[in-house]
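Given next are the chains, with one letter for each unit.
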Amino acid sequence: MIVNYEDLGLVNTRVMFAAAIHGGFAVPAYNFNNMEQLQAIVTACLETQSPVILQVSKGARDYADQTLLRYMGQGALEMMRRIADTTGLGEIPIALHLDHGDSYEICVSCIDSGFSSVMIDGSHLSFDENVAVTAKVVEYAHRFDVTVEGELGVLAGVEDDVSAEHHTYTKPEEVQNFVARTGVDSLAISIGTSHGAYKFKPGQKPEIRLDILREIEKRIPGFPIVLHGSSSVPKEAVETINRFGGNLKDSIGIPESQLRKATQSAVCKINIDSDGRLVMTAKIREVFAEKPEEFDPRKYLGPAREALKEMYMRKNREVLGSAGQAPRIMEMLRER
Ligand code: G3H
Ligand code: 13P
Ligand code: ZN
């Protein structure tokens, strides 16, 4: 069955990004693979009145079943409305986004099943091949008013099955040409962030290249920029994991102070997945160690969901600046 995101009540990212650029904040893009993660994200964003982008990766589609995930996205929206209704909280704008789409076909499949936004990640291709596949996705997506994120430059680390040992920073001199030739709505860039929990080597200064970001902004003023690999790898979660039998060595994330600086620029979407994985794992390990008699999944997934929710609320308030921004975006959406 082909369905358009607007019929489901989702929104694309256009208005959110316009608000983020003018308001000096970034919209959170949180990945989910299961019900507890999704509930934590949606309730945290509703209670902080933040817009949110729910991200589904190819791996998530394989893990949780693509049909189920798409209905979960729709279900999240309905859950949000019901809670908003019963608590008196205002509704928040929710986008459902394909993260790291690696082919035209997967983007079409998501668009046809009601996603409001897709990423086509051609960053491992040559510049011209990246332009070609991105432009093809944009041509299809825009027929349905679905927004498209492209990527230029390669992040170090592992993305799905592709791994890169070193960063290939985005070349500022290429961005204008890429944006003009593809018609993308936002651009993911490589400035030193990376996926996973090991973003810097021990002894290395954890720093992202805000100077490259500024150069990029000069070439495409006001154009929405996306940062992937933006988990901060909270020390407390890593310590808890290790205290209760885990073995995470030398994990280092992006300092939150640098992400806060980035939100003041044209960076209007910040992707966070690993921090949620760490916080969830820490809580589950803690419950397993402290209550060895428990075997009801609700008794460990419930506390994990609560810990996740708290983490997302704090990110929205203290890092992304997205807390309290939903009412203005809802108003902008109504004025269109
Ligand atoms: O960018 C990668 C995201 O963290 C998704 O990870 O491909 O393991 O689902 P995944
Ligand atoms: P982290 O691994 O830093 O959470 O990055 C997530 C991401 O970029 C998803 O696309
Ligand atoms: Zn990513």
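The structure we're discussing is the one just above.
Draft legend 1. Spotlight on the coordination of the zinc ion (ligand 3). Coordination sphere of the zinc ion (ligand 3), protein contribution only: His100 (NE2), His195 (NE2) and His228 (ND1), at 2.1 Å. Donor residues for the zinc ion (ligand 3) sit on one chain with the sequence pattern H-x94-H-x32-H. A residue pair is termed long-range when its members are at least 10 positions apart, and His100 in strand β3 (residues 94–101) and His228 in the loop between β9 (225–227) and α10 (235–243) qualify at 128 residues. Note on His100: relative accessible area 9%, which makes it buried.

Draft legend 2. Highlighting the site of ligand 2. Around ligand 2 there are 16 residues in total, and Asp99, Lys199, Ser231, Asp273 and Ser274 lie nearest to it. One of the side-chain nitrogen or oxygen atoms of His228 is found 3.1 Å away from an oxygen atom of ligand 2. Here ligand 2 has 310 Å² of accessible area as a free molecule, and 97% of this is covered by the chains. Those elements that place two or more of their residues in the shell around ligand 2 are β3 and β10 (267–272). Considering only residue class, the shell around ligand 2 consists of one nonpolar, 12 polar and three charged.

Draft legend 3. Structural context of the packing of helix α12 (residues 274–290) against helix α13 (residues 297–320). Viewed as axis vectors pointing N to C, α12 and α13 meet at an angle of 145°, and their least axial separation amounts to 8 Å. Note that α12 runs across α13; the crossing there is right-handed. Together, Asp275, Gly276, Val279, Met280, Lys283, Ile284, Val287 and Phe288 of α12 and Lys299, Tyr300, Leu301, Pro303, Ala304, Ala307, Leu308, Met311, Tyr312 and Lys315 of α13 make up the contact between the two elements. For the contact of α12 with α13, a count of residues per class yields 13 nonpolar, one polar and four charged.

Draft legend 4. The arrangement of the pattern of salt bridges in detail. According to the stated counting rule, one finds 21 salt bridges in the structure shown. Across the pair Asp145 and Arg14 runs a salt bridge, and its minimum N-O distance is 2.8 Å. Separated by 131 residues along the polypeptide, Asp145 in the loop between α7 (127–143) and β5 (147–152) and Arg14 in helix α2 (residues 14–23) bring together distant segments of the chain. Accessibility expressed as a relative area gives 36% for Arg14, which makes it partly exposed. Across the salt bridge formed by Asp273 and Arg277, the nearest N and O atoms sit 2.9 Å from each other. What makes Arg277 partly exposed here is its relative accessible area of 46%. Within this structure, Glu256, Asp275, Arg314, Lys315 and Glu318 form a network of salt bridges that share partners.

Draft legend 5. A look at the sheet that holds strand β4 (residues 117–120). Pairing within the closed barrel is parallel, and its eight strands lie in the order β1-β2-β3-β4-β5-β8-β9-β10. Recorded for the sheet is a direction-independent mean angle of 25° between the axes of neighbouring strands. The sheet contact formed by β4 and β5 spans three bridges and is parallel. Looking at the pairing, Met119 lines up with Glu149 of β5. Contacts from helix α3 (residues 35–47) reach β1 (27–31) and β2 (52–57), with the element oriented near 165° to β2.

Draft legend 6. Just the packing of aromatic side chains, in detail. Taken as a whole and judged by the stated rule, the model has five aromatic pairs. For the ring pair Phe288 and Tyr300, a centre distance of 4.7 Å and an interplane angle of 70° mean the geometry is edge-to-face. Of this pair, Phe288 sits in helix α12 while Tyr300 is found in helix α13, placing the two residues 12 residues apart along the sequence. Its relative accessible area of 44% is what places Phe288 among the partly exposed residues. On the basis of relative accessible area, Tyr300 is assigned to the buried category, the value being 18%. In textbook terms, an aromatic cluster arises when at least three aromatic residues are bridged by ring pairs, as seen for Tyr104, Tyr140 and Phe144. Note that Arg209 overlies the ring of Tyr169, its terminal NZ or CZ placed 5.3 Å from the centroid.

Thresholds, definitions, all that
- Residues numbered from 1 in each chain as written.
- Chains lettered and ligands numbered in written order.
- Predicted model: local features only at pLDDT ≥ 70, side-chain atom pairs only at ≥ 80, totals over all residues.
- Heavy atoms only, no water.
- Donors = N, O, S within 2.8 Å, 3.2 Å for Na, K, Ca; no water.
- Helix = DSSP H or I, 4+ residues; strand = E, 2+ residues; numbered from the N terminus.
- Buried < 20%, exposed > 50% of the residue type's maximum accessible area, 1.4 Å probe, protein only.
- Near = heavy atom within 4 Å.
- Polar contact = N/O pair within 3.5 Å; in protein donor to acceptor, adjacent residues only side chain to side chain.
- Areas by Shrake-Rupley, 256 points an atom, 1.4 Å probe, with all protein chains shown as cover.
- Nonpolar A, V, L, I, M, F, W, Y, C, P; charged D, E, K, R; others polar.
- Axes fitted to C-alpha atoms, helices over the stretch in contact; angles between N-to-C directions.
- Left-handed = near helix turned anticlockwise from the far one by under 90°.
- Contact = heavy atoms within 4.5 Å.
- Salt bridge = Lys/Arg side-chain N within 4 Å of Asp/Glu carboxyl O.
- Pairing = 2+ DSSP bridges.
- Phe/Tyr/Trp six-rings, centres within 6.5 Å; stacked < 30°, edge-to-face > 60°.
- Lys NZ or Arg CZ within 6 Å of the ring centre and 35° of its normal.

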